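Report on the structure
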Amino acid sequence: MSVRVYVPGDMAAVAVGADQVATALTAAARAAGIDIDVVRNGSRGLFTLETLVEVETPQGRIGYGPVDAADVPGLVAAGLFAGGAHAQRLGPVEALPFFARQTRLTFARAGLTDPLSLTDYRAHGGLKGLETALALTPAEVVARVKASGLRGRGGAGFPTGIKWETVLAAPGPHKYIVCNADEGDSGTFADRLLMEADPFVLVEGMAIAAHAVGADYGYVYIRSEYPFAIARMQAAIDLARGDGWLGRGFDLEVRVGAGAYVCGEETALLESLEGRRGQVRAKPPLPAHKGLFGRPTVINNVLSLAAVPFILAEGANAYQDFGFGRSRGTMPIQLAGDVVNGGVFETPFGLTLGELVDDIAGGCVGGRPVRAVQVGGPLGAYFPRGLFDTPFDYEAFTARGGLIGHGGVVVFNDTVDLAQQARFAMEFCAAESCGKCTPCRIGSTRGVEVIDRIVAGEARAANIAVLEDLCETMKLGSLCALGGFTPYPVMSALDHFPEDFGGADARRAAE
Amino acid sequence: MTHPPDSAADDALDSLIAPHRNHPGALLPLLHDVQHALGCIPHEAVPRIAAALNLSRAEVHGVVTFYADFRTTPPARRVVKLCMAEACQARGCHTTAARLSAATGLAVGETSADNALALEPIYCLGLCASGPAALVDDVPVARLSGLRLDALIAELGR
């Protein structure tokens, strides 16, 4: 009997040498006369441990990590294929605190299964949600999603069920399901990992959405920076079609972005899918009424759609029971930047930022102090330690002048210069602006200039007033979140870290 | 609209266009295919693509120039796309960039005069817990500091 060995094949594992580890393991096994079966699973989600090799033993799956190809001969000599002792032996991965503390609903299968095995998918509870949904009327499916309290995981937090209800009520004949997999926010990678580690769950979620609203076609729009996710999703769609759960009244295709951050904004994404420049559309009309090719369209984030199979399979209450305030269910939080434990941490809403950063992520590498945390991507606010008691919840972050966005948490150590981060936010906005509205297109460039003047000490008080005014204009006058939210990182940096802008007195002088 | 007489290049383009002709919203997938096959979107291709998809040349040009991925000239023989976004900043990508620049003589965003190597910025590869990250000739590489960066610099041979 061959020994089953898991070596992740997702982009983050491959980027640190997982392919070489797999090759070395195969060669070492052959040399030792041991028959092994290497499964290229997705990462379990703690990237610090990659390459994480797991071996199936009578005692369960035993992990070793982080493994480099050069470590393989030593590991094999220590009896890796039988779960033998070694300094890199981690034991059962589920028992590690980073995993034991999670509640994995959406990521339940990630890292456990062969991502493209339909047998594995079924064996781990896959397709139960779709089967349940198909036995219900569309209105019943919508009602369950509404009852679950699921809100859009892309960042806006709009109730998914209400969006679906609107599309269900809209007249056909053609309606679309669009999955927004243009995960451009720095510090976020949950969509990528989900598509690479468990692509079928997204296909299943989209098939449920199609049944719920009466859609006949769907697109998964994936950014070009994610070549592994593109290949996995394409393969998963083909397998699902071959297996009969696509292609009967609903079919799907993958579309690839082309390096435009703004296409993560839903109306710009629709423009891009239609073959145009990714320029934001004015709303109304809402995509639910007039979306892709002018038809009623459900456009949801990867994590929203991937949460749906669990909700249908286990019931709205099972999902709704988790959470905090009006944020129901779980959120796959992404811990990134200068952290000891970086990766996807799925948990019910409500943990505080401090618990996430200090306890779970383990603070900065080498014990450097954490100085600032940017939550919610390039358009999210920088929080100082003083705000670490903020619970991870849509409303709580808004109340503190921030946002949770797509759940990215980027930790910076004490060497960070917040004035430079504020400048970068404006610079990024200027580079990525679609150009349709003036506050974003022009305001971002002026913002870079004003920050430069403040840092240079040029009429500091007057220029801080100009920056505040400019941010107000961008916030209220921009068409979409790119221009509208760029003020969050800028103003939070200025408010919480005034000393980086040329003196703690700078703000007081402005008032 | 008139076209120059058919040539081998035009035939190649036509065979790339054909599968997309009747698909809704076909322009981006078609441009990706053209760039994949030819290395870039040559100026001469624009009128032909426009005619095939019933678009104006301005519309096609507008799309080609809007998206960072599409290029109108052939790429360098080797391309390092280094992530310069916030999470990689927090993990030291500026130091990595400075070392790569010192070794190659190229600032981020520059291509060598002999078109052998380009050092380009990219904004997020989703490797935010393993940065600094890069795509080296489309192969993902992470933890690009210390010895791993030394190895990349040696491998680039500059």
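Given the structure is predicted, the values throughout are model-derived calculations rather than measurements.

**Observations concerning the overall build of chain A**
Across its full length, chain A carries 23 helices and 16 strands. Taking 2.2 N^0.38 as the reference for a compact globule, 511 residues should give roughly 24 Å; the C-alpha atoms of chain A span a radius of gyration of 24 Å, in line with that estimate. Overall, chain A is about 75 × 60 × 40 Å in size when its C-alpha atoms are taken along their principal axes. Scored against the burial criterion, the 511 residues of chain A give a buried share of 62%. Within chain A, contacts between residues at least 6 apart in sequence are counted, and of these 70% link residues at least 24 apart. When the accessible surface of chain A is summed, it comes to about 17200 Å², and 54% of that surface belongs to carbon and sulfur atoms. Positive and negative side-chain charges in chain A, numbering 44 and 57 respectively, have mean positions lying 4 Å apart.

**Remarks on the overall build of chain B**
A count of helical and extended segments in chain B gives seven helices and five strands. Taken along the three principal axes of its C-alpha coordinates, chain B extends 55 × 30 × 20 Å. Counting the 158 residues in chain B, one finds 49% classified as buried. Once local pairs closer than 6 in sequence are excluded, the contacts in chain B between residues at least 24 apart make up 60%. Roughly 7200 Å² of accessible area belongs to chain B as shown, and the carbon and sulfur atoms make up 56% of that amount. Positive and negative side-chain charges in chain B, numbering 12 and 16 respectively, have mean positions lying 8 Å apart.

**Remarks on the interface of chain A and chain B**
Where interface size is quoted, it is often the accessible area lost as the parts come together. Facing 56 residues of chain A, the contacting portion of chain B comprises 36 residues. Of the roughly 3400 Å² buried at the junction of chain A and chain B (both faces included), carbon and sulfur atoms supply 58%. Scanning the region where chain A abuts chain B turns up zero salt bridges. Linking chain A with chain B are 24 residue pairs in polar contact (both at pLDDT 80 or more). Mapped by element, the contributors of at least two residues to the side of chain A that touches chain B are helix H1 (11-14), strand E7 (217-222), strand E8 (251-256), helix H12 (266-273), strand E12 (330-337), strand E16 (408-413) and helix H17 (418-432) of chain A.

**Here's the deal with helix H8 (residues 160-169) of chain A**
Residue and element names in this part refer to chain A. Within H8, the full set of buried residues consists of Thr-160, Gly-161, Lys-163, Trp-164 and Val-167. Around the axis of H8, the buried residues are gathered within 160 degrees of arc, so they sit on the same side. Elements in contact with the buried residues of H8: helix H7 (138-148), helix H10 (199-213), H12, strand E9 (297-301) and helix H13 (302-314).

**Here we look at helix H9 (residues 190-197) of chain A**
Each α-helix winds once per 3.6 residues, and so residues spaced three or four apart point in a common direction. With respect to burial, H9 of chain A is a largely interior element, eight of its eight residues being buried. Of the residues making up H9 of chain A, those classed as buried are Ala-190, Asp-191, Arg-192, Leu-193, Leu-194, Met-195, Glu-196 and Ala-197 of chain A.

**Observations concerning the sheet that holds strand E2 (residues 36-39) of chain A**
Residues and elements named next belong to chain A. Within the open sheet, the five strands sit side by side as E2-E1-E3-E4-E5. Their pairing is mixed. Two strands lie at the open edges of the sheet, namely E2 and strand E5 (89-92), each paired on one side alone. Ignoring strand direction, the axes of neighbouring strands in this sheet form an average angle of 25 degrees. Two elements, strand E1 (residues 3-6) and strand E3 (residues 53-57), share two bridges in a ladder whose sense is antiparallel. Looking at E3, one finds that Tyr-6 is bridged to Glu-54. Across the sheet, helix H2 (residues 18-32) lies against E1, E2 and E3, angled at about 175 degrees from E2, the strand it touches most.

**Let's talk about the pattern of salt bridges**
Residue and element names in this part refer to chain A. Under the definition given, this model contains 37 salt bridges over all chains. Across the salt bridge formed by Glu-266 and Lys-283, the nearest N and O atoms sit 2.9 Å from each other. Of this pair, Glu-266 sits in helix H12 while Lys-283 is found in the loop between H12 and E9, placing the two residues 17 residues apart along the sequence. Of the residues examined, Lys-283 reaches a relative accessible area of 39% and is grouped as partly exposed.

**Some points on the environment of Pro-159 of chain A**
Looking at where Pro-159 of chain A falls in the secondary structure, it is placed in the loop between H7 and H8. Residues contacting Pro-159 of chain A, with those up to four places away along its chain left out, are Leu-150 and Arg-151 of chain A.

**Observations regarding the side chain of Gln-334 of chain A**
Residue and element names in this part refer to chain A. Residue placement: Gln-334 occurs in strand E12. In this structure Gln-334 comes out as buried when scored by relative accessible area, which is 0%. Among all residues touching Gln-334, those that are not within four sequence positions of it are Glu-183, Gly-187, Thr-188, Phe-189, Ala-190, Gly-343, Val-344, His-406, Gly-407, Gly-408 and Val-409.

**So, the packing of aromatic side chains**
Residues and elements named next belong to chain A. Overall, the coordinates contain 21 aromatic pairs over all chains when judged by the stated rule. Centre to centre, the rings of Phe-349 and Tyr-394 are 5.5 Å apart; their planes meet at 35 degrees, and the pair counts as tilted. On the criterion of sequence distance, the pair formed by Phe-349 in the loop between strand E13 (343-348) and helix H15 (353-360) and Tyr-394 in helix H16 (residues 394-399) is long-range, its members being 45 residues apart. In terms of burial, Phe-349 and Tyr-394 fall into one category: buried. A network of ring pairs unites the aromatic residues Tyr-176, Tyr-217, Tyr-219 and Phe-293 as a single cluster. Cation over ring: Arg-61 sits above Tyr-6, and NZ or CZ is 3.6 Å from the ring centre.

Reading the values: rules and limits
- Residues numbered from 1 in each chain as written.
- Chains lettered and ligands numbered in written order.
- Predicted model: local features only at pLDDT ≥ 70, side-chain atom pairs only at ≥ 80, totals over all residues.
- Heavy atoms only, no water.
- Helix = DSSP H or I, 4+ residues; strand = E, 2+ residues; numbered from the N terminus.
- Rg over C-alpha atoms; globule rule 2.2 N^0.38 Å.
- Buried < 20%, exposed > 50% of the residue type's maximum accessible area, 1.4 Å probe, protein only.
- Contact = heavy atoms within 4.5 Å.
- Areas by Shrake-Rupley, 256 points an atom, 1.4 Å probe, with all protein chains shown as cover.
- Lys, Arg positive; Asp, Glu negative; His and termini not counted.
- Charge placed at Lys NZ, Arg CZ, Asp CG, Glu CD.
- Buried area = accessible area lost by both parts, 1.4 Å probe.
- Salt bridge = Lys/Arg side-chain N within 4 Å of Asp/Glu carboxyl O.
- Polar contact = N/O pair within 3.5 Å; in protein donor to acceptor, adjacent residues only side chain to side chain.
- Arc of directions from axis to C-beta.
- Pairing = 2+ DSSP bridges.
- Axes fitted to C-alpha atoms, helices over the stretch in contact; angles between N-to-C directions.
- Phe/Tyr/Trp six-rings, centres within 6.5 Å; stacked < 30°, edge-to-face > 60°.
- Lys NZ or Arg CZ within 6 Å of the ring centre and 35° of its normal.

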